[in-house]
Amino acid sequence: MELIPGVTTEHYLVLSLILFCLGIFGILYRRNAILMFMCVELMLNASNLALVAFSRMWGDTGGQVFVFFIMVVAAAEVAVGLAILMLLYRNMGTTQTDVLNKMKW
Amino acid sequence: MITEYLFWFLAFVSVFGGVATILSRNPVHSVLYLILTFFAIAGHYLLLNAQFLAAVHVIVYAGAIMVLFLYVIMMLNLNRLDAEKRTLIGKVTSAVSAGLLLLVMVGVARGGSEAGEAPAESIDAGLVENLGQVLYRDFLLPFEMASVLFLGAMVGAVFLSKKELNS
């Protein structure tokens, strides 16, 4: 379905999937907790993009409201997560996940 | 069509920003590239006629969340990252698994949509009036719960950063 002239839902879906998989790749690739956290933000944004495209496709505002709630959860998550990372750095002196392996099985 | 070129340009910018976020050595550069990606995504929202969402996205993500990241990175003095010990097998495994996931999901996503125009009522679905109507009428309870979630997050962040409680 053409959302805007020349661009279909599929285009947006594939773009959002590419961004999502980039986020997954970043989480697996980087060893710094803050950068992994940023990759989680990238994945959330990829899903937001897909939701907005679907909202446009069906003419339904509900999808955009969902994006709002995802933004709310992301903001709360960042506030708490960065506090935890600060605490981690204060106590352990690093945010590298290959050093912080005490709970590794 | 101008919108088509705009879509491809924004798509290129967002993917480039994502790749540069992951691959750049300096965490501050990563944050800046991620902000570039977020601006490109806001441009996509504008293309999809979600104007209010685009404004909120820029304000919340580029204005608040990424600034928070920048603060933390500068406070922890991570400008020079300790050399990440990455083995070749780790790199290859992460690239292959993410690539395979992408392959599978794109395969699922393709060919699922039929031809046709987007419905006419979707043109103004992203305007503030309609969004406010839906948000304050149909989604009132989740909206209030989101405020409780924010309060909880605020209390949690303050509690976590109190020094004497954790020592």
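First things first, this report covers the structure right here in the doc. (Residues numbered from 1 in each chain as written. Chains lettered and ligands numbered in written order. Predicted model: local features only at pLDDT ≥ 70, side-chain atom pairs only at ≥ 80, totals over all residues. Heavy atoms only, no water.)

On to the nonpolar core. A general tendency of soluble globular proteins is for nonpolar side chains to be buried together. In terms of nonpolar packing, the biggest core is built from 69 residues, with A:Tyr12, A:Ile34, B:Tyr45, B:Met66 and B:Phe69 touching the most fellow members. Elements supplying a minimum of two residues to this core: strand 1 (2–4), helix 1 (9–29), helix 2 (33–58) and helix 3 (62–92) of chain A together with helix 1 (2–23), helix 2 (27–47), helix 3 (51–75) and helix 5 (128–137) of chain B. Lining this core are residues from two domains, each supplying at least three of them: domain 1 (1–80) and domain 2 (124–167) of chain B. Judged by nonpolar contacts, the second largest core, of six residues, contains A:Leu13, A:Val14, B:Val106 and B:Ala109. (Core = buried A, V, L, I, M, F, W, Y, C linked by side-chain atoms within 4.5 Å. Buried < 20%, exposed > 50% of the residue type's maximum accessible area, 1.4 Å probe, protein only. Helix = DSSP H or I, 4+ residues; strand = E, 2+ residues; numbered from the N terminus. Domains from an automatic or database assignment.)

Moving on: the packing of helix 2 of chain A against helix 3 of chain A. Residue and element names in this part refer to chain A. Taken N-terminus to C-terminus, the directions of helix 2 and helix 3 make an angle of 175 degrees; their axes are 9 Å apart at the nearest point. The orientation of helix 2 with respect to helix 3, classified from their angle, is roughly antiparallel. Residue-level inspection shows Ala 33, Ile 34, Phe 37, Val 40, Glu 41, Leu 44, Ser 47, Asn 48, Leu 51, Val 52 and Ser 55 of helix 2 in contact with helix 3, the latter providing Gly 63, Gln 64, Phe 66, Val 67, Ile 70, Met 71, Ala 74, Glu 77, Val 78, Gly 81, Leu 82 and Leu 85. Classifying every residue of the contact of helix 2 with helix 3 gives 15 nonpolar, six polar and two charged. (Axes fitted to C-alpha atoms, helices over the stretch in contact; angles between N-to-C directions. Parallel < 35°, antiparallel > 145°, perpendicular 65-115°, else oblique. Contact = heavy atoms within 4.5 Å. Nonpolar A, V, L, I, M, F, W, Y, C, P; charged D, E, K, R; others polar.)

The next point concerns the side chain of B:Ser94. For B:Ser94, the position within the fold is in helix 4 (residues 88–109). Residue B:Ser94 is classed as buried on the basis of its relative accessible area, which comes to 3%. For B:Ser94, the side chain forms a polar contact with the main-chain oxygen of B:Lys91, separated by 2.8 Å. Apart from the residues lying within four places of it in its own chain, the contact partners of B:Ser94 are A:Phe25, A:Leu28 and A:Tyr29. (Polar contact = N/O pair within 3.5 Å; in protein donor to acceptor, adjacent residues only side chain to side chain.)

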